[in-house]
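Observations on the three-dimensional arrangement
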Amino acid sequence: MGVIYFILVLSVIIVIHECGHLLAAKAFGVYCYEFSLGMGPKIFSFQKKETKYTLRLIPIGGYVAMAGEQEDDMELYPDINVPKNRSIKGISYWKRIVIMIAGVVMNFVLCWVIISGILIQNGEYALSPKPIVNTIVENSPAASAGFETGDLIKKVVFADGTVIKPKEFTDLSTFTMSYGDEMTYTVERDGQLIDIKVKGQATEDGIYMVGIGAPASEVVKINLLNAGKYGFDYMVDMTGSIFKSLTRLVQGNGLDQLSGPVGIYQVTAQQASLGLSNLLLLIALLSLNVGIFNLLPLPVLDGGRIILTLVEMIIGKPLNKKFELGIMTASMVLLFGLMIFATWQDIVRIFN
């Protein structure tokens, strides 16, 4: 069942993303040869009007094959003659950008819809509390380090140089729960700033606990009228945390916490065992991650393709084909290397 849930989760996120590209392309009249779910050998396909819909063996990734994307269109589809005005290169630059970003928008919409639905089901939403120490666990690292209730946490400096200035308590837990080295908390107490050094204690679940508790959150009642607003607020909070994590990764920090397909499979199986709401929340989180990841300025991702399109618009002509192929290949190698590294990290964690 874990494998089935894993395939289901990935399929939902991929289909939604690629549907964004497909619908936008068709809205602007771009000819779409194929809509593919998965990669590798074909399992099943059917033709509907001008587009072939294909299910492939490897449930990771997918694509929409649009006219004009590949130089060898005529060789791949020799029986189809597409006029230039129906190719991706034959439409205006702004339309190309809309098509490229449509997949990311759909990922965000999926995340927002799921979270809003979960809030409606729960009937209430806890607003994020301020980063104030409300409780201290007895015999915890926090108790030994000298934390006191009422301390207002102004910033946390990690051993690797990362600095977090929390606006909410969740800004802390996102990072501290996965960090096992010493941290320096700067707290405000009785009008004075005090530095407290502490190191989280590992639990059986592999997370690190300092031992400080947040104040009680204000709880609001959720209905059909306000669910969208609070669902959006929750998504914005998660987006901020993801960008902070990406910033740390770019700086070379937290790479040991990176997860690949194996890690996603484990989390999916775990969340599925806890019920439908947990599984749906995971889909929302992964969809948001996929959307943000696709905005990265790598030429094989939507964000990179948007940048290349903007460059073409500025210089007024297509990019050199050899140059474009070179940066595409380099970014593909980088992505595969990152996936291999993340998968290796997952395997190491399994046997540790």
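About the criteria used
- Residues numbered from 1 in each chain as written.
- Predicted model: local features only at pLDDT ≥ 70, side-chain atom pairs only at ≥ 80, totals over all residues.
- Heavy atoms only, no water.
- Phe/Tyr/Trp six-rings, centres within 6.5 Å; stacked < 30°, edge-to-face > 60°.
- Helix = DSSP H or I, 4+ residues; strand = E, 2+ residues; numbered from the N terminus.
- Buried < 20%, exposed > 50% of the residue type's maximum accessible area, 1.4 Å probe, protein only.
- Lys NZ or Arg CZ within 6 Å of the ring centre and 35° of its normal.
- Contact = heavy atoms within 4.5 Å.
- Axes fitted to C-alpha atoms, helices over the stretch in contact; angles between N-to-C directions.
- Parallel < 35°, antiparallel > 145°, perpendicular 65-115°, else oblique.
- Left-handed = near helix turned anticlockwise from the far one by under 90°.
- Nonpolar A, V, L, I, M, F, W, Y, C, P; charged D, E, K, R; others polar.
- Salt bridge = Lys/Arg side-chain N within 4 Å of Asp/Glu carboxyl O.

In this structure the tally under the stated criterion is eight aromatic pairs. Seen from their ring centres, Phe147 and Tyr185 are 5.1 Å apart, and the 90° between their planes marks the pair as edge-to-face. Within this pair, whereas Phe147 is found in the loop between α4 (141–145) and β5 (152–158), its partner Tyr185 is found in strand β7 (residues 182–189), the two being separated by 38 residues in sequence. Using a relative accessible area of 1% as the deciding quantity, one classes Tyr185 as buried. For the cation-ring pair, Lys229 lies above Tyr230, with the distance from its terminal atom to the ring centre recorded as 4.4 Å.

Within the element layout of this structure, Asn294 appears in the loop between α8 (276–293) and α9 (302–315). Residue classification places Asn294 among the buried positions, given a relative accessible area of 12%. With residues up to four places along the chain from it excluded, the contact list for Asn294 reads His17, Val104, Leu301, Asp302 and Gly303.

It is worth spelling out the packing of helix α1 (residues 2–27) against α8 at this point. Where α1 meets α8, the closest approach of the two axes is 10 Å, and the angle between their N-to-C directions is 45°. Judged by the angle between their axes, α1 and α8 are oblique. In the crossing of α1 with α8, the sense of the turn from one axis to the other is right-handed. Across the interface between the two elements, Tyr5, Val9, Val12 and Ile13 from α1 touch Leu279, Ile283, Leu286, Ser287 and Val290 from α8. In terms of residue class, the contact of α1 with α8 is built from eight nonpolar, one polar and no charged.

Within this structure, the stated rule accounts for 12 salt bridges. Between Arg56 and Glu34 there is a salt bridge; the shortest N-O distance is 2.8 Å. Of this pair, Arg56 sits in strand β2 (residues 51–66) while Glu34 is found in strand β1 (residues 32–48), placing the two residues 22 residues apart along the sequence. The residues Arg56 and Glu34 share a single accessibility class, namely buried. A salt bridge links Arg189 to Asp151; its shortest N-O distance comes to 2.8 Å. On the criterion of sequence distance, the pair formed by Arg189 in strand β7 and Asp151 in the loop between α4 and β5 is long-range, its members being 38 residues apart. A relative accessible area of 16% places Arg189 in the buried class. Residues joined by salt bridges that share partners form a network here, namely Lys26, Glu50 and Arg86.

By themselves, these observations are geometric and do not establish any function.
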